[in-house]
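# What the coordinates show
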Amino acid sequence: MNNKIYLCIDLKSFYASVECVERGLDPFEINLVVADPTRGGGAITLAATPAIKKLGVSSRGRIYEIPKGIEYITAPPRMTLYMKYASKIYSIFLKFISSDDIHVYSIDESYLSLYNMNAKQLAKTIIDEIYNITGITATVGIGTNLFLAKVALDITAKHAKDFMGYLDEDLFKQLIWHHKPITDIWMIGPGTANRLSMLGINDLYGVAHYPEKILYKLFG
């Protein structure tokens, strides 16, 4: 029996949050994007604060796509600074978790496997510690495997007041099987969604109940 619980921790709007912390600003209140202003209106916004995202600004859009009526700060990217923050946050993880149980998925996401612990209490302790030390808000998905932890992070945690989401197999069937759009699910992009749609599949329930051999033949 698998008794492991996994946490998937994401640093909310990480680059933009770091820039806000450096300026003494609240990323949930201030409109800020991280982009290279020397590249003009075609510059990609590498990150955007939660405040400006609420106004429909994408964290991977272009400067010229930001509506003219929105006032915002443009912060030039500082990757060395972001790496310093990421390193500091990783050191926080090491206060609670062995390095053997940490998988860094990207600069702002880590999976942590835990043994015989109350995962939610530990998760809250970790994200509180991250905020108290760095000023960065983190979200966390908790699941009984890595996939469920990631989906809990992407689908449920971002809408939770405590920034935490939990999924086991039963909750997954209740909450996620019929979730749409299917592109919200990790690793399912528009191309994959279109190919699934050709089979009449538009949610994970459809994937789970479709003949496995045909799916393997189509996707490998």
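Our structure's up above, just so we're on the same page.
All of the points below concern the structure found in this document. (Residues numbered from 1 in each chain as written. Predicted model: local features only at pLDDT ≥ 70, side-chain atom pairs only at ≥ 80, totals over all residues. Heavy atoms only, no water.)

In this section: the sheet that holds strand β2 (residues 32-34). Pairing is mixed in the open sheet, where 3 strands are placed in the order β3-β2-β4. Edge positions in the sheet fall to β3 (47-48) and β4 (73-75), since each has one partner strand and no second. Strands β2, β3 and β4 of the sheet are contacted by helix α1 (residues 14-23), whose axis makes an angle of about 120 degrees with β2. (Pairing = 2+ DSSP bridges. Helix = DSSP H or I, 4+ residues; strand = E, 2+ residues; numbered from the N terminus. Contact = heavy atoms within 4.5 Å. Axes fitted to C-alpha atoms, helices over the stretch in contact; angles between N-to-C directions.)

With that settled, consider unusual backbone geometry. The omega torsion of the bond from K180 to P181 falls at 0 degrees, within 30 degrees of zero and hence cis. At F163, a position not held by glycine, the phi torsion is positive, near 60 degrees. Inspection of the secondary structure assignment puts F163 in the loop between α5 (146-156) and β8 (164-167). Judged by relative accessible area, F163 falls into the partly exposed class, the value being 24%. At M187, a residue that is not glycine, the phi angle is positive and equals roughly 75 degrees. Structurally, M187 can be placed in the loop between α6 (169-175) and α7 (190-198). Looking at M187, the relative accessible area reads 65%, which means it is exposed. (Buried < 20%, exposed > 50% of the residue type's maximum accessible area, 1.4 Å probe, protein only.)

Direction vectors running N to C along helix α3 (residues 79-96) and helix α4 (residues 119-134) enclose 145 degrees, while the axes themselves pass 10 Å from each other. As for the relative orientation of α3 and α4, their crossing is right-handed in sense. Side by side, α3 and α4 meet where Y85, K88, I89, I92, F93, K95 and F96 of the first sit next to L122, T125, I126, E129, I130, I133 and T134 of the second. Split by residue class, the contact of α3 with α4 holds 9 nonpolar, 2 polar and 3 charged. (Left-handed = near helix turned anticlockwise from the far one by under 90°. Nonpolar A, V, L, I, M, F, W, Y, C, P; charged D, E, K, R; others polar.)

With 16 residues, α4 extends 22 Å from end C-alpha to end C-alpha; this agrees with the ideal 22 Å at 1.5 Å per step. For α4, the set of buried residues is A119, L122, A123, I126, I127, I130 and T134. When α4 is viewed along its axis, its buried side chains cluster within an angular range of 125 degrees and face the same direction. Turned more than 90 degrees away from the buried face of α4 sit Q121 and N132, all of them exposed. Just past α4, the residue G135 takes up positive phi, approximately 80 degrees. (Expected span 1.5 Å × (residues − 1). Arc of directions from axis to C-beta.)

Looking now at the nonpolar core. Membership of the largest hydrophobic core comes to 34 residues, with the highest contact counts inside it found for L7, I9, F14, F93, I130 and V140. The set of elements that each furnish at least two residues to this core consists of β1 (5-11), α1, β2, α3, α4 and β7 (138-143). Per-element accounting of this core gives the leading share, 7 residues, to α3. Those residues within four positions of I130 in sequence are excluded, and the remaining contacts are L11, I89, I92, F93, G135, I136 and A138. Core analysis: the next-biggest nonpolar cluster, separate from the first, contains 16 residues, L167, W177, I201 and L215 among them. (Core = buried A, V, L, I, M, F, W, Y, C linked by side-chain atoms within 4.5 Å.)

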